[in-house]
Structures are given as C-alpha cells and as structure tokens.
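# Fold and contact review
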Amino acid sequence: MNRIFEWACGALAATALFCIMALTFFDVGGRKFASASIPGSLEVTELLMVVVIFAALPLVSIRREHVVFDSLDHVLSPPLRRVQAALVNLVCGALLMALAWLMWRTAGEFAQSGETTAQLKLLKAPFIYGMSVLCGLSGLVHLLRFVLRRPDVPVQPQGDRP
Amino acid sequence: MTEALLGFGAIFLLAFLRVPLAFAMGIVGVVGMGLTRSWPAAFYSTSQVVYETGFAYTLSVIPLFILMGNFVARAGLAHELFRAAYVFIGHLRGGLAHATIAACAGFGAICGSSIATAATMSKVAYPSMKKLGYSESLSTGVMAAGGTLGIMIPPSTIMVIYGIVTETNIGKLFAAGVVPGLLTALAMMAAVVVVTSRDPEHAPPGEKSTWSERWVAVRGIWGVLLLVMVVLGGIYGGVFTATEGAGIGASGAFLFALARRALTWKSLFQILVESARTTAMLFTLLIAATVFANFVNFTSMPGDLKEWITHLGLSPPMIVAAMMVIYVLLGTVMEELSMVLLTIPLFFPIVVSLGFDPVWFGVLIVMVIQIGLISPPVGMNLFVLNTLLPDVRLGTIFKGVWPFVVVQVLMLMVLVAFPILSLWLPSFMD
C-alpha cells in the first residue's frame, strides 16, 4: 500500500518534471533557431510545476525531509522524544489538513468562476483540487504516524539540500 | 513591533520543539495575520501565496537546475573533473587537496548545491586522498569547504531563492558570484598550503603527470565545459533567461548522461523523483517564508527597525558589517536557508534604503551561508560528510574544517570591503 502510494506520487512528479524540462528545451530551441515557439508552453509549465511540487510533497513527509532544528535531540530522553515526535506529527498533520481545506475552498471558487489559462483555455480548478488532495494526503502521512505512534527516528536529511 | 517580535519568538520556540521550520513559519504567519488583521484576510492571503507560488513559470528554474546537477552527478563527470584537476596540480604538496578544491569549483559550475557538491566529492576525491595517506581531518575539511563553492559559483539554488524573494535579477546574481567564487577557491588553496607546510607528512604529493595524460584528462571534460559555456554564457550574454537556461542545462545534462549510458529507466526515475522531492521541500520553505513575511511586513517592525538603525547613527558599511556578524553567529547554530528567509523581510529593506546594490548583498548572503554550512557545531556539510563517511569522527571533521572557516570569514570581509569584486561582472549586463 505504502509502496504503491510512494510510487504513484513519484511517477506523477517525475513525469511532470521531465515534461517541464523537455517543454522548455523545445520551446527555447524553437524560438532561437526556428523562430517558432510552442504555443502555451509557459502556462503548461505552470500547471506542471503544481504537479511536481504537490505530488512530491507527501514523499517529503514520508522520508522526513522537511528541515528541522535537531540540535536539542541529544538533550531529551528517548521517551520524551517519542512524545515530542507524536506532537510534532499532530501539528504538521493538522496544518496540512487545514491547508488542504483552504485550497479545496479556493478550488471551488475557481471552479465556479470557470477561470482558465490565458492561451490554451485549460481549466485551473482541477489543478487546485489536486493541490488540495495532495496536501491532505501529506497531512494524512503525519496523522497516521501520530495515531500509529511510529517512532520518529531522527534521520539525517539526505538529497540535494542547498 | 511587539507582534512581530512575538512572532519570531514563537517560530524559534516551535523550531526548538522540533516542528519543521516551514511549518513553524507557516503557523506563525497565518496566526499572526489572523490576530492582527482578520482571519478571512489571513486565509485569503495564504491561499493566494500557495496558488501564486505553485503556478509560477519563473520558479521552474529551481527544479530544472537541481535536475541538471543530479544528471551530471549521475553521469560521473565529477570523476573526470577531479582527474583533470589532479593531472595538473596533483604533484604539488597537498596536491590532492588542491585538486579537490578545483574539482569542487568546476562541479559548482554545473551544480547549485553545496551539499550535493560535498557529497559527490566524498565519493570521488576521498578514496584517492585516503590511498595517498592524507590525514582524515584535512581531507574531510577540504571536501566540506570545497562543497560550499557549489552555491557561490553559478548556478546556485541559494541565489535563485534570494532572487525570487527579493525580486533581484537572477542572471546578475549568477554573474556576481563568479569572481567571489574563484577567489574563495584560491583562498582555500592558500589555506591548504598553510596547513600542509606545518604538517607536510599528512598531505604527500601525488605523481607528476605527463602532458599526454593531461591532454587525455582535459578531453574528458569537454562536455562539462560546453554545457557550462552554453548555460552560463547564454544567461550572461542575455541569449536566454535564467529559467530558459536551466531548461537547456537540464536537457543537456540529460542527453549527456544518456550518451554516456549512465541512465537506466530506474536511475532516471530516481533522479527525477529526488529532484522533485528537493523542489517540494524548498517550495514548502518558500511558501511558508512568504506567508510569514506578509505578516511581518504588515506589522510596524520593518519600519521601526529602519528608524532605530538610522537613529544609531552608524555609517552604512558598519550596518552591513553588523548584519554579517549576526548572520555568521546565527549560522553556527541555525539551518542557513531558513535563517536567510526569516531575516530577509527585515534586513533587505534596510540594505536597499541605505543605497546598496541588492546583487552585492545577495553575494554576501551566499558567503554567510557558505560559512554557516561548514561552521561547527551545526554545519550541514559536516553532517553530510559524517553520514557518508561513517569511519571518520565528527570531531575530526570539525578539526579539519577550521582553517577553511577562517579563510571564508576573511573572504566575507574582503567582499564587504570591496563591492566591486561582486559587481564588476554584472555591470556589463545592462
């Protein structure tokens, strides 16, 4: 279950990112060398950016890659740290759920007004609904961890931090 | 003023309780705005920030440059860069350390991340240094410090984020980083000379290479050179914007990795997902910092602070110097990007109102981050090396990195004193 979820989010984000790359390449190449750009490539990139960011958000939560200040970890006793981790998961989960609700509301407004992108006339609302759902799923990751009391082992943040 | 101070206090409290910094900033920003203005206004402006940061074409520059660095790392080009540096300077005393710094500078021209640069070098340069009997402290110190060149030498994730937050031209920021980056590399090499002359047996020289070996090594890096020239040259020359350059760079790096048969479906997927994760992590910080900045800007704090500082009657350079001292001290204990994102709403308006160039201030910010990344006790580069090289103790890394911290602090002073070093190259871009 967990694996399928991670794979699905990863596949979504990876595909969108690859498309942004290819789109920019052909758009810029076309404009500089053939004086023909891809119509609407800017707005498609914008929509794809939303997919990249929000599809990868649950993965950041799953892998505990959010930046934390962990200098006090060695001061606290392990039981205290477990309580702390549970509370932090509750806070993060609640915040992401609240954000999901907020974006759902925003999406509703967009759906009602039927706002589209300027050139290709693509509806924006579905993407904002997607933002909301993926925020909610990220919140769920934290809430599940809170409920299951999964020990939140402090891991060294990996990956490409600046 | 009081509201904003309470806000900062609350963020630090939450951060100390181990709430991720992005969440701490977000919570305080929304609650602060809800209490000082109104809740509907707080919700509206938050959803607006999320929406605008998500749907932003120019921000695609972030994942694209991250992707470019990850493809190039995957293609194994770091080995060739290190080899090319080694054949020229490896026979000097401390030659491998010098070569590591040079390779970091070269890698920094494709990769915009300090941690990725240090991590890559730990796989490429460390085995060679260990084989030749370099001391653990020198070799890890040099990799940690060299890695920070990744964010000064363009492209640079930090410069992109600074440029977005402060609406400063990213192309100019990139150009501004070139001279300081190269000078820092030279200063680090000078530090290696000092360290090795005091303790020569810890850094034995390598073998001298023949010119034909050198030629072969240089031919191995033509691809990197081409990519750097096209991307950075294109941005500098105004052929394309930073975002377009990032797209070309990422595509070029992808084709390069493909041509070298370094990619499988699995590794391609991994690289894309890893880049997307880093992007999501950075955007969470960016969104939260904007929400918090909106709250701070609504309070009287930025204005009060500006007034207070003018009241002090310090000369403008003194004020900037004082900011740098605050940053270097904060950087020893704080995560650097969050430190900058938190303080920019306060410091940046002051710097601009004093008549300083935002591009120059951006370079100074990168330099303080470089220092923060390698200054104990909380330096991310040191932790990353500690994780990747488990047999080296953290204390040993701390010991080895000190000379480089000193060098970077000196470099910061030089950059504060001589803005021309940062502003000369961008001055041709108007």
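Since the model is a prediction, treat every value here as computed from it, not as a measurement.

Across the contact, 65 residues belong to chain A and 68 residues belong to chain B. For the pair chain A and chain B, the summed buried area comes to about 5,900 Å², and 75% of that belongs to carbon and sulfur atoms. Taken together, the links from chain A to chain B amount to two salt bridges. For Glu-244 of chain B, the salt bridge identified is with Arg-31 of chain A, shortest N-O distance 2.9 Å. Viewed at the interface, chain B and chain A are joined by eight residue pairs in polar contact (both at pLDDT 80 or more). Breaking the side of chain A that touches chain B down by element, the ones donating at least two residues are helix H1 (2–33), helix H2 (41–62), helix H3 (78–113) and helix H4 (125–148) of chain A. Of the residues forming the side of chain A that touches chain B, the biggest block, 14 residues, is contributed by H1 of chain A. In terms of residue class, the side of chain A that touches chain B is built from 41 nonpolar, eleven polar and 13 charged.

What follows deals with a nonpolar patch on the surface. A cluster of nonpolar residues, Tyr-236, Val-414, Phe-418, Ile-420, Trp-424 and Phe-428 of chain B, forms a patch on the protein surface that exposes about 610 Å² of accessible area. Relative to the elements of secondary structure, Phe-418 of chain B occurs in the loop between helix H21 (394–417) and helix H22 (420–423).

With that settled, the discussion passes to the packing of helix H20 (residues 380–388) of chain B against H21 of chain B. Residue and element names in this part refer to chain B. Orientation of H20 relative to H21, taken along the N-to-C sense of each, is 135°, at an axis distance of 10 Å. Considering the angle they form, H20 stands oblique to H21. For the pair H20 and H21, the sense of crossing is right-handed. Contacts from Leu-382, Phe-383, Leu-385 and Asn-386 of H20 reach H21 at Leu-394, Ile-397, Phe-398 and Val-401. Grouping the amino acids of the contact of H20 with H21 by side-chain chemistry returns seven nonpolar, one polar and no charged.

What follows deals with the confidence of the model for chain A. When pLDDT is averaged along chain A, the result is 88; 91% of the residues meet or exceed 70. Note on residues 153–162 of chain A: pLDDT under 50 across the span, and 37 contacts to partners over four residues away in sequence or across chains.

What follows deals with H1 of chain A. Taking 1.5 Å per residue, 32 residues should reach 46 Å; H1 of chain A reaches 46 Å between its end C-alpha atoms and fits that length. Backbone geometry just after H1 of chain A places Ser-35 of chain A at a positive phi near 40°.

According to the stated counting rule, one finds six salt bridges over all chains in the structure shown. One salt bridge connects Glu-80 of chain B with Arg-260 of chain B, and the closest N-O pair in it is separated by 2.7 Å. In this pair, Glu-80 of chain B sits in helix H5 (residues 77–89) while Arg-260 of chain B sits in the loop between helix H14 (242–259) and helix H15 (265–298), placing the two residues 180 residues apart along the sequence. The class for Glu-80 of chain B is partly exposed, based on a relative accessible area of 21%. One network of salt bridges, with partners in common, ties together Asp-27 and Arg-31 of chain A together with Glu-244 of chain B.

All right, on to the packing of helix H19 (residues 358–374) of chain B against H21 of chain B then. Residue and element names in this part refer to chain B. It is at 9 Å that the axes of H19 and H21 come closest, and there the two elements cross at 170°. In terms of their interaxial angle, H19 and H21 are classed as roughly antiparallel. Of the two possible hands of crossing, H19 and H21 adopt the one that is left-handed. Here H19 contributes Trp-360, Val-363, Leu-364, Met-367, Val-368, Gln-370, Ile-371 and Ile-374 to the contact with H21, which in turn contributes Val-401, Phe-404, Val-405, Gln-408, Val-409, Met-411, Leu-412, Leu-415 and Val-416. For the contact of H19 with H21, the per-class residue count stands at 15 nonpolar, two polar and no charged.

Residues and elements named next belong to chain B. Relative to the elements of secondary structure, Gln-408 occurs in helix H21. Owing to a relative accessible area of 0%, Gln-408 belongs among the buried residues under this scheme. Dropping the residues within four chain positions of it, Gln-408 is found in contact with Ala-145, Thr-148, Thr-184, Met-188, Met-367, Gln-370, Ile-371 and Ile-374.

Here the amide bond leading from Pro-154 of chain B into Pro-155 of chain B is cis, since omega sits at -10°, within 30 degrees of zero. Note that Pro-155 of chain B resides in the loop between helix H9 (149–152) and helix H10 (157–166). Along the chain, Pro-376 of chain B connects to Pro-377 of chain B via a cis peptide bond; the corresponding omega equals 5°. One non-glycine residue, Lys-121 of chain A, adopts positive backbone phi at about 60°. In this fold, Lys-121 of chain A is placed in the loop between H3 and H4. Non-glycine residue Glu-167 of chain B carries a positive phi angle of around 55°.

Right, let's get into empty space enclosed by the protein. Residue and element names in this part refer to chain B. Scanning the entire structure with this criterion turns up four cavities of 30 Å³ or more. As a volume, the second largest cavity reaches approximately 50 Å³. If you list the elements that add at least two residues to the lining of the second largest cavity, you get H10 and helix H18 (336–353). By residue class, the composition of the lining of the second largest cavity is nine nonpolar, no polar and no charged.

Scoring rules and cut-offs
- Residues numbered from 1 in each chain as written.
- Chains lettered and ligands numbered in written order.
- Predicted model: local features only at pLDDT ≥ 70, side-chain atom pairs only at ≥ 80, totals over all residues.
- Heavy atoms only, no water.
- Contact = heavy atoms within 4.5 Å.
- Buried area = accessible area lost by both parts, 1.4 Å probe.
- Salt bridge = Lys/Arg side-chain N within 4 Å of Asp/Glu carboxyl O.
- Polar contact = N/O pair within 3.5 Å; in protein donor to acceptor, adjacent residues only side chain to side chain.
- Helix = DSSP H or I, 4+ residues; strand = E, 2+ residues; numbered from the N terminus.
- Nonpolar A, V, L, I, M, F, W, Y, C, P; charged D, E, K, R; others polar.
- Patch = residues over 30% accessible without salt bridge, like charges linked within 9 Å, V, L, I, M, F, W, Y side chains within 5 Å.
- Areas by Shrake-Rupley, 256 points an atom, 1.4 Å probe, with all protein chains shown as cover.
- Axes fitted to C-alpha atoms, helices over the stretch in contact; angles between N-to-C directions.
- Parallel < 35°, antiparallel > 145°, perpendicular 65-115°, else oblique.
- Left-handed = near helix turned anticlockwise from the far one by under 90°.
- pLDDT = per-residue confidence, 0-100.
- Expected span 1.5 Å × (residues − 1).
- Buried < 20%, exposed > 50% of the residue type's maximum accessible area, 1.4 Å probe, protein only.
- 1 Å grid on protein atoms, 1.4 Å probe; cavity = no way out; pocket = protein on both sides within 12 Å on 5 of 7 lines; lining within 4 Å.
- Points joined across faces, edges and corners; volume = space filled by probe spheres on them.

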